[in-house]
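# Chain and residue survey
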Amino acid sequence: MEREDCIDTIALLRPQDRFGLPPWMTSVFRTLGRWIDRSRQRHHLAQLDDAALKDIGLSRADVWTEIDKPFWRP
């Protein structure tokens, strides 16, 4: 088998197959990643000025509503 074929095959495997993780652990890591990403997005949203918020169609009240949510709530 050529090297490129091996790399393509590895890329197609699910994370738990590549690293030997059980499915529940993969789910935990995926959930943690979503929570971290959501928290980071809300932090960046809070840093936008009023002109930038107006450009994307949000008010400061909309931002406060969003950033007041806990990180686990979409």
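An account of the accompanying structure is given in this report.

Reading the values: the criteria
- Residues numbered from 1 in each chain as written.
- Predicted model: local features only at pLDDT ≥ 70, side-chain atom pairs only at ≥ 80, totals over all residues.
- Heavy atoms only, no water.
- Helix = DSSP H or I, 4+ residues; strand = E, 2+ residues; numbered from the N terminus.
- Buried < 20%, exposed > 50% of the residue type's maximum accessible area, 1.4 Å probe, protein only.
- Contact = heavy atoms within 4.5 Å.
- Phe/Tyr/Trp six-rings, centres within 6.5 Å; stacked < 30°, edge-to-face > 60°.

## Brief notes about the environment of Phe71
- Topologically, Phe71 is positioned in the segment after helix 5 (60–67).
- Residue classification places Phe71 among the partly exposed residues on the basis of a relative accessible area of 38%.
- Spatially, the C-alpha atom of Phe71 lies 6.3 Å from that of Arg38, the residues being 33 residues apart in sequence.
- Setting aside residues up to four positions removed in sequence, Phe71 forms contacts with Trp35, Arg38, Ser39 and Arg42.

## Describing the packing of aromatic side chains
- Tallied over the entire structure, the rule returns 2 aromatic pairs.
- With 5.1 Å between their ring centres and 70° between their planes, Trp35 and Phe71 make a pair best called edge-to-face. Of this pair, Trp35 sits in helix 3 (residues 23–47) while Phe71 sits in the segment after helix 5; the two residues are 36 residues apart in sequence, bridging distant segments of the chain.
- Residue Trp35 is classed as partly exposed on the basis of its relative accessible area of 30%.
- When the centroid spacing of 5.0 Å and the interplanar angle of 85° are considered together, the rings of Phe71 and Trp72 count as edge-to-face.
- Residue classification places Trp72 among the partly exposed positions, given a relative accessible area of 49%.
- These aromatic residues form a ring-pair network of at least three members: Trp35, Phe71 and Trp72.

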